[in-house]
Amino acid sequence: MGIKIIEDGIVIFFCFNVLLSINSINVNCKLISIQANGLVTALGDFDSDKLTDFFVINPSRSSFQVLKATEKPDFVVDPALECYTSKKEPIVGLIPGDFLGKAFMDIIVITKDADHSTNNVQFKLFLIPGNRTHLNCHYLSEGLFFAKVTHQPLALDYNGDMIIDLLARDVDGQRYIYTSIKESNATRVNLSIADNDGIIRSPNSNSFIDFDGDYRSDLIIESDKAMEYWSRSTAGFKKIKEIPFPKYKLIGMSTYADMNADGIVDHILPVCGDSSCSSSSALLVLDGSKNQWSVLNDHFSDVAGTSGSLQFAVIQDSSDQFVFPLKLRQADVDGDGYPDLLGLMKSKDSNLVKVIILQNIKNETNILGRSFVPRWFIDAGLSQTNSPVLASFADISEDGKADVLVNSRVSGKPNYMISAVLNDQMYDACFLKVLVTSGLCYGDCPSIEKTLDGSAPSSVIPYGTNQPGPSISYQLIDTAGNRRIGFAGQLSQSSDFSLQMPYSIFGLGQLPNFVDNLTASIPSATDNVIRVSSWSQIVPDAQVVVIPYPPSDPRIWRTKLFITPSDIVISTLITLISICVLLALIILLLHRKEVLEDLAEHEEYKRHWPESR
């Protein structure tokens, strides 16, 4: 593929050594052009090749396409993976996943209903079936939608059948879980009939994640009144508490992650004192014991080391079709075992929006024991005419490192450029990357009975697609002898540019030892039985694929292990080889010296004893 810059296309910057520190601002980029442009709306493995593909909405909002990843890394534009709308209803969201149970990745397309005003926004949901090589687009082109809702939906597995369902509030005001989704209809299950249930926020950061550590995926719903926590029970989901919103003018989108490595998910919320975030910004955490919000950070120093401060940036779409909510995305950038945060920020005295990584550092003065400090500025080849609108994480190189994706708007043109910045901050840290698939099988698959009795051929392994809701945790003993625990929820959010990675990456720090225990669970079925399995002694720098088949018997779930040596392993190997070579040279020199000394002694002996000649 030729290297050139296409003015109306996406230009992807693969940059080495570009996570900029305070004293380093030089960027060495390799530019690879792709003849497409638009907004990366979701991430997933469309063709099950274990590479992360991009789901992109084009700037006109009338079509979308799947950019397939290759091992170079590079991305391929396939005309068979592009769909168009028939009406003047803009596409505003995409949710990839298996909605038909065929072990192929389908796509839910979200369009904005043009017949309603800004104060009464409605969205149509279309199902686009896929089969790894092409998309069946005629449902979208013919306008055959299966639901009309008031906000972008949440993807979840309600009944534990490993087929993705959706949670949304219908235009009739009732909350439904849409199961058995078909082209023009779906089965609707009432979530709640209480009169005091508020309207679900739009945009929202509803989540499907295990917040109480019982290996069952729960629900967190953001209404216009409060944040509702719903726990999984035998009767479905039951609301257990409501958390009022903090008293700030602008409430951002929630981030759920184990920020202090205690094995429990933390609820992080960015807020601002005014609607434009020009006066003040703060980062809050929910104190679960008191059900109150606590401040983690209310001041962010500029990365450049100046006396200035940073505020969260509020991004507006000039066409008023896309909504870019205030959102911080999490990943462990430096591999120390504590997730960092990525967001868009700007200085108080400047309108220039920057992509900033806030490092997770120790701080004993708050309830979390951690705080977040702006540490790295992501350049991504942006110029004064390009302004970032989205930033997210993805393992583009498939090396267990959280790289950075940046969507920027080209000034004066209806184009969006995508920049990819490769991570160079984990050069001395180990990692563990875990992917839990749906475990569904297509074609000639073994029966569950044959799988249980061991008669199924080992060559036939169900795989499936990316699945929302699984929980992953690990335990290990660090170099100080302390037990470390990490937790992550896979694809816990799906609406309003959540842009979550379809896998979990744990930083292990400078610890090239075995992970003592790895645990994975999938959402419970209607019987509410816990479905969880564990594995011990996992090597670091490994990518683990968990295949939960059959889902009802976790004892025989399969795992596939792929080793990706990190820089610390490679440097250790080089050091070991260098030491061996040095020892060999020393031995050779000493041996040569001893031989020469023996020859000298022999000559001396012959000189003193002539008859020995």
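The structure under discussion appears in the preceding block.
Residue positions within a chain follow its written sequence, with the count starting from 1. Selection of residues for local features in this predicted model requires a pLDDT of at least 70, selection of side-chain atom pairs for listing and counting requires 80 or more, and totals for whole chains, interfaces and linings are taken over all residues. Computation of side-chain values covers all heavy atoms of the structure but excludes hydrogens and water.

**Q** I keep staring at the nonpolar core and nothing clicks. Help me out?
**A** Buried Ala, Val, Leu, Ile, Met, Phe, Trp, Tyr and Cys residues that are joined via side-chain atoms within 4.5 Å together make up what is termed a nonpolar core. Relative accessibility decides the category of a residue: with a 1.4 Å probe and only protein chains considered, values under 20% of the type maximum give buried, values over 50% give exposed, and everything between is partly exposed. Among the nonpolar cores identified, the biggest contains 65 residues, and Phe64, Ile107, Val109, Leu135 and Phe324 are the most heavily contacted of them. With 5 residues, strand β30 (residues 386-394) is the single largest residue contributor to this core. Each of two domains, domain 1 (33-430) and domain 2 (431-444 + 461-567), supplies a minimum of three residues to this core. Of all hydrophobic cores here, the second largest spans 24 residues; its members include Met162, Val434, Ala542 and Trp557. Helix numbers and strand numbers start at the N terminus; a helix is a DSSP run of H or I with at least 4 residues, a strand a run of E with at least 2. Each domain's limits were defined by an automated method or a database of domain assignments.

**Q** What am I meant to see in the packing of aromatic side chains here?
**A** Centre-to-centre distance and the angle between the planes together describe a pair of aromatic rings. The pairing test for Phe, Tyr and Trp rings, Trp by its six-membered ring, is centres within 6.5 Å, and the orientation test on the planes gives stacked under 30 degrees, edge-to-face over 60, and tilted for anything in between. The final tally for this structure, using the stated rule, is 13 aromatic pairs. Pairing Phe322 with Phe324 gives two aromatic rings, centres 6.1 Å apart and planes at 35 degrees, and the pair type is tilted. The buried category is assigned to Phe322, whose relative accessible area is 3%. Measuring from centroid to centroid gives 5.4 Å for Phe324 and Phe497, while their planes differ by 35 degrees, and the two rings are tilted. In this pair, Phe324 is assigned in the loop between β25 (310-312) and β26 (329-331) and Phe497 in the loop between β35 (483-489) and β36 (504-509), connecting sequence segments 173 residues apart. According to the relative accessible area criterion, Phe324 is buried, its value standing at 6%. Take Phe497: its relative accessible area is 4%, and that puts it in the buried class. Above the ring of Tyr158, the side-chain terminus of Arg232 is found at 5.6 Å from the ring centroid. For a Lys NZ or an Arg CZ to count as sitting over a ring, it must be within 6 Å of the ring centre and within 35 degrees of the ring normal. A cation over a ring is seen here: Lys433 above Tyr503, with NZ or CZ 4.1 Å from the ring centre.

**Q** Would you explain the sheet that holds β36 in this entry?
**A** Working definition: the strands of a sheet are paired by backbone hydrogen bonds and lie parallel or antiparallel to each other. Strand pairing is assigned whenever DSSP detects at least two bridges linking the two strands. A sheet is described by the order of its strands in space; here 4 strands give the open sequence β36-β33-β39-β40, paired in mixed fashion. The outermost strands of the open sheet, each flanked by one partner alone, are β36 and β40 (558-563). Sheet twist, expressed as the mean angle between neighbouring strand axes with direction ignored, is 20 degrees. Relative to β36, strand β33 (residues 430-436) runs antiparallel, the two being bridged by 5 bridges. A fitted line through C-alpha atoms serves as each axis, taken over the contacting stretch for helices, and the angle formed by two N-to-C directions is quoted from 0 to 180°.

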